[in-house]
Amino acid sequence: MVKAVVGANWGDEGKGKITDMLAQDADVVVRFQGGANAGHTIKNDYGKFALHTLPSGVFSQNTVNVIGSGVALDVTKFFNEVKDITSKGVPMPKIMISDRCQIVMPYHVLFDQYEEERLGKAAFGSTKSGIAPFYSDKFAKIGFQVNELFDDELIKSKLEKALIQKNCLLEHLYHKPLLSVDELFDTLVKYREMLEPYVGDTASFIEQALKDGKTVLMEGQLGTLKDTDHGIYPMVTSSNTIASYSAVSAGIPPYEIKQIITVVKAYSSAVGGGAFVSEIFGDEADELRNRGGDGGEFGATTGRPRRVGWFDCVASKYGCRIQGTTDVAFTVLDVLGYLDEIPVCTAYEVDGKETTEFPVTRLLEKAKPVLKTLPGWKCDIRGIRNYEDLPENCKKYIEFAEQQIGYPITMVSNGPAREDIIYRKSSLKK
Ligand code: GDP
């Protein structure tokens with residue numbers, strides 16, 4: 001049985017926590033896209049961790065953690081992360097890396113920096129982890145698959161070809177030092193030695209796991225609105241963040257995915273640029289930002305302050321639909337307990353017309369939020385375990401959000417810890 005945990009919004013919805021919870025019962029956890037450019041924050045018995053590339057199953061010893069073919073694998077960062085968790089008392093996890101996965105080359109990171117520098121004010125706000133240059137090269141067919149590192153001749157000839165183009169850009173566009181084939185060759189050989197114990201045919205492994213009746217959990221990074229195809233292009237990430245892509249990356253048929261748990265945050269937050277219709281500013285924003293998440297809304301990878309806003313029903317409904325949601329996990333609800341009244345964005349006004357359909361970016365840029373205000377519950381809801389015990393106004397907020405997005409909220413997260421979760425029966429049909 002395959003389940004996916006994915007985000008409906010701009011990322012940072014609290015997927016890490018939900019994945020960590022579900023990973024305890026998963027035999028296999030698969031990271032399927034992106035690289036070390038984003039991060040999950042996980043709080044469990046071992047402590048608090050910011051995972052970037054490692055799948056969230058690394059905390060349970062029976063789980064095999066797979067890096068799917070769609071991931072941008074930064075070898076150094078990957079092994080530093082392994083070192084970090086094991087030095088904090090987590091036993092060495094079981095890891096398997098797809099032999100078709102491609103690696104982030106040192107020059108991808110450089111090109112990411114140089115390009116953002118060159119763009120100046122028009123920069124994308126990249127985390128400069130090399131992700132966009134990595135995926136560009138993958139589709140330009142000059143990337144390096146992990147299995148290719150085991151062939152010296154192949155590495156050399158591929159490097160020679162790639163560097164003609166890279167050095168041309170370095171010399172004439174960026175005016176930066178040139179790259180050498182020999183130096184990169186040595187780096188790749190080092191990577192090969194590090195990777196060797198973990199490389200395998202992950203698609204066959206997952207196929208067998210499914211035949212054996214095992215549970216496989218697909219772990220998404222970021223959210224629908226950052227998906228290259230369906231998000232707020234061009235202010236998106238360079239890979240597909242949606243559940244359907246997890247089938248591609250794992251190498252399984254799409255119909256194997258039986259449950260898609262979409263994580264929806266009870267208010268909005270985003271990092272990087274791009275349209276953000278329900279965004280708030282000033283003192284109101286500072287207060288939500290400082291109270292948000294677990295210790296404030298600041299990027300898990302970059303430490304950057306996140307932009308914040310009210311719950312956006314339009315974006316969340318769209319986000320859930322594109323993911324193919326079967327269940328919604330509604331998260332970080334406890335944070336809103338300080339508000340007398342809670343504004344919610346129920347529609348957009350675009351060119352004088354109201355809509356509840358999420359528009360393409362060109363129109364999204366013009367959208368203004370249509371807000372409705374719901375009464376707050378004015379208390380701390382952490383520690384509550386039964387839905388019935390939540391304050392009346394809090395239940396109304398959840399039920400209103402559910403009606404607006406049209407997908408069943410079956411989990412409500414009211415704190416960062418594993419046990420801060422309330423299961424709920426929804427009257428909405430799946
Ligand atoms: P991800 O990228 O979707 O995994 O999101 P993050 O790692 O950025 O998670 C958001 C933050 O919210 C983290 O610091 C989590 O520990 C925290 N968090 C997750 N769920 C909850 C919740 O229900 N309540 C609170 N207060 N914090 C939460």
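Position numbers for residues count from 1 along each chain, tracking the sequence in the order it is written. Since the coordinates come from a predicted model, pLDDT governs what is reported: local features require at least 70, and pairs of side-chain atoms require 80 or more to be given and counted, while whole-chain, interface and lining totals use all residues. For side-chain calculations, the full set of non-hydrogen atoms in the structure is used, while hydrogens and water are omitted.

Caption draft 1: A look at the site of the ligand. To be near a molecule or strand, a residue needs just one of its heavy atoms within 4 Å of it. Inspection of the region around the ligand gives 20 residues, with Gly16, His40, Thr41, Asp334 and Ser413 positioned closest. Residue Lys15 places a main-chain N or O atom 2.7 Å away from an oxygen atom belonging to the ligand. Using protein atoms alone on a 1 Å grid, points that fit a 1.4 Å probe yet trap it form a cavity, whereas open point sets bounded by protein on both sides within 12 Å along at least five of seven lines form a pocket; residues with an atom within 4 Å of a point count as lining. Those molecules having more than half of their atoms within 2 Å of a cavity or pocket grid point set are described as sitting in that cavity or pocket. When each cavity is represented as a set of grid points, the ligand is found to reside in the second largest pocket. Broken down by secondary-structure element, the contributors of at least two residues to the shell around the ligand are helix 1 (15–23) and strand 3 (40–44). Considering each element in turn, the shell around the ligand owes the most residues, three residues, to helix 1. In the analysis that follows, any N or O atom pair within 3.5 Å is treated as a polar contact, provided that within protein one partner can donate a hydrogen and the other can accept it, and provided that, for residues neighboring in sequence, both atoms belong to side chains. Numbering of helices and strands starts at the N terminus; helices are DSSP runs of H or I of at least 4 residues and strands are runs of E of at least 2.

Caption draft 2: Spotlight on the domain arrangement of the chain. Each domain's extent was defined by an automatic or database domain assignment. By domain assignment, the chain separates into domain 1 (2–99 + 199–261), domain 2 (102–196) and domain 3 (264–423). Here domain 2 and domain 3 have C-alpha centroids that lie 38 Å from each other.

Caption draft 3: Representation of the pairing of strand 19 (residues 409–413). Burial classes: relative accessible area under 20% of the type maximum marks a residue as buried, over 50% as exposed, and values in between as partly exposed (1.4 Å probe, protein chains only). Judged by how many residues are buried, strand 19 sits mostly within the fold: five of five residues are covered. The criterion for strand pairing is that DSSP finds at least two bridges linking the strands in question. Direction of pairing for strand 15 (residues 327–331) relative to strand 19: parallel, over a ladder of three bridges. In the sheet register, Phe330 faces strand 19, and the bridge partner there is Val412. Two elements, strand 19 and strand 20 (residues 421–423), share three bridges in a ladder whose sense is antiparallel. Among the inter-strand pairings, Met411 is bridged to a residue of strand 20, identified as Tyr423.

Caption draft 4: Quick look at the packing of helix 3 (residues 106–119) against helix 4 (residues 131–139). Here helix 3 crosses helix 4 at 120°, and the two axes come no closer than 7 Å. By the criterion of interaxial angle, the relationship of helix 3 to helix 4 is oblique. For helix 3 against helix 4, the interelement crossing comes out right-handed. Across the interface between the two elements, Tyr107, His108, Phe111 and Asp112 of helix 3 pack against Ile131, Pro133, Phe134 and Asp137 of helix 4. Here the residues of the contact of helix 3 with helix 4 are counted per class, giving five nonpolar, one polar and two charged. Axis definition: a line fitted to C-alpha atoms, over the contacting stretch in the case of helices. Angles run 0 to 180 degrees between N-to-C directions. The cut-offs work like this: below 35 degrees is roughly parallel, past 145 is roughly antiparallel, 65 to 115 is roughly perpendicular, and the gaps in between are oblique. Left-handed describes a crossing whose near helix is turned anticlockwise from the far helix through less than a right angle; right-handed describes the clockwise counterpart. Residues count as neighbours in contact if any of their non-hydrogen atoms are within 4.5 Å of one another. Throughout, the ten residues Ala, Val, Leu, Ile, Met, Phe, Trp, Tyr, Cys and Pro are labelled nonpolar, Asp, Glu, Lys and Arg are labelled charged, and all others, Gly among them, are labelled polar.

Caption draft 5: The arrangement of the layout of surface pockets in detail. Grid points are joined across faces, edges and corners, and a volume is the space filled by probe spheres set on the points. There is about 1100 Å³ of room inside the largest pocket. If you trace the largest pocket, you find 50 residues lining it, with Ser126, Ala132, Val236, Thr237 and Ser238 closest to the centre. The set of elements that each furnish at least two residues to the lining of the largest pocket consists of helix 3, helix 4 and helix 5 (152–174). The dominant element in the lining of the largest pocket, judged by the number of residues it contributes, is helix 4, at seven residues. The residue makeup of the lining of the largest pocket, split by class, is 21 nonpolar, 19 polar and 10 charged. Volume-wise, the second largest pocket comes out at about 600 Å³. What lines the second largest pocket is a set of 35 residues, among which Gly14, Thr41, Gly293, Asp294 and Arg306 lie closest to the centre. Listed by contribution, the elements that provide at least two residues to the lining of the second largest pocket are helix 1, strand 3 and strand 4 (47–51).

Caption draft 6: The arrangement of the pairing of strand 5 (residues 64–67) in detail. Here strand 5 shows two buried faces, one formed by Val64 and Val66 and the other by Asn65 and Ile67. In this structure, strand 2 (residues 28–31) lies alongside strand 5, joined through four bridges in parallel fashion. Residue pairing across strands places Val28 opposite Val64, the latter belonging to strand 5. With four bridges joining them, strand 5 and strand 7 (residues 94–98) adopt parallel strand pairing. Looking at strand 7, one finds that Val66 is bridged to Met96.

Caption draft 7: The arrangement of empty space enclosed by the protein in detail. Counted under the stated rule, the structure contains one cavity of 30 Å³ or more. The computed volume of the largest cavity comes to approximately 40 Å³. Lining the largest cavity are Trp10, Ile232, Ala275, Phe276, Val277, Asp312, Tyr348, Phe358 and Leu364. A per-class count over the lining of the largest cavity returns eight nonpolar, no polar and one charged.

Caption draft 8: Representation of the sheet that holds strand 19 within the structure. Spatial strand order, 9-7-5-2-10-1-11-15-19-20: 10 strands in an open sheet with mixed pairing. Looking at the sheet topology across the chains shown, the edges are occupied by strand 9 (199–200) and strand 20. Sheet strands touched by helix 7 (residues 202–211): strand 1 (2–7), strand 2, strand 5, strand 7, strand 9 and strand 10 (216–219). Its angle to strand 5, the strand with the most contacts, is close to 140°. Its contacts with the sheet place helix 8 (residues 243–250) against strand 1, strand 2, strand 10 and strand 11 (257–265), and it is angled at close to 130° to strand 11.

Caption draft 9: Broad picture of the side chain of Thr262. By the element assignment, Thr262 lies in strand 11. Accessibility expressed as a relative area gives 0% for Thr262, which makes it buried. Of note is the side chain of Thr262, whose polar atom sits 2.7 Å from the side chain of Thr325. In this view, Thr262 contacts Val6, Gly7, Ala8, Cys320, Gln323, Thr325, Asp327, Val328 and Ala329; residues no more than four positions away in its chain are not counted.

Caption draft 10: View of the pattern of salt bridges. Salt bridges are identified by distance alone: a Lys or Arg side-chain nitrogen within 4 Å of an Asp or Glu carboxyl oxygen. By the definition in use, this model includes 25 salt bridges. Close ionic contact of Glu148 with Lys158 constitutes a salt bridge, the shortest N to O distance being 2.8 Å. You can see Glu148 sitting in the loop between helix 4 and helix 5 and its partner Lys158 sitting in helix 5, a full 10 residues away along the chain. There is no split in this pair, since Glu148 and Lys158 are both buried. The shortest N-O distance in the salt bridge between Arg289 and Asp286 comes to 2.8 Å. Of this pair, Arg289 and Asp286 both sit in helix 9 (residues 282–291), three residues apart, which is roughly one turn of that helix. Residue Asp286 is classed as partly exposed on the basis of its relative accessible area, which comes to 37%.

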